[in-house]
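# Structural features, examined
Listed here are the chains, written in short residue letters.
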Amino acid sequence: MKSSEKAYTLYILKCSDDTYYTGIAIDVEKRLMEHNTSDKGAKYTRSRRPVELIYREEYNDKSSALKRELTIKRMKRSNKEALWTCG
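Keep in mind that what you see is a predicted model, and the values were worked out from it rather than measured.

The rules behind the values
- Residues numbered from 1 in each chain as written.
- Predicted model: local features only at pLDDT ≥ 70, side-chain atom pairs only at ≥ 80, totals over all residues.
- Heavy atoms only, no water.
- Salt bridge = Lys/Arg side-chain N within 4 Å of Asp/Glu carboxyl O.
- Helix = DSSP H or I, 4+ residues; strand = E, 2+ residues; numbered from the N terminus.
- Buried < 20%, exposed > 50% of the residue type's maximum accessible area, 1.4 Å probe, protein only.

A word on the pattern of salt bridges. On inspection of all chains with the given rule, the structure shows eight salt bridges. Here Asp-17 and Arg-48 are joined by a salt bridge, their closest N and O atoms 2.9 Å apart. With a gap of 31 residues between them, Asp-17 in the loop between strand E1 (8–14) and strand E2 (20–25) and Arg-48 in the loop between helix H2 (43–46) and strand E3 (52–59) connect regions that are remote in the sequence. Between Lys-73 and Glu-69 there is a salt bridge whose closest N-O contact spans 3.2 Å. A residue pair is termed a helical-turn pair when its members lie 3 or 4 positions apart in one helix, as Lys-73 and Glu-69 do in helix H3 (residues 62–73) at four residues. For Lys-73, a relative accessible area of 45% corresponds to the partly exposed category. Connected via shared salt-bridge partners are Lys-14, Asp-18, Arg-77 and Glu-81.

Set out below in structure tokens:
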């Protein structure tokens, strides 16, 4: 990856109601803070605060991150949990 290219992080958050939220970001720490403290967080997470970062994967391009996000969003809960419990 060239130094001018940005890495994308696919992330999974655990919400206060024990549900999961999946997204992508360039700066996942900043995005986590937005989910927890500002109106810039996703509508889904705003009513389920606090949220906790429980999983992440790095990608060199946005397209790959978005494809993986869609795959994970379609997974059953148990398959999502296997990502971080069996790894």
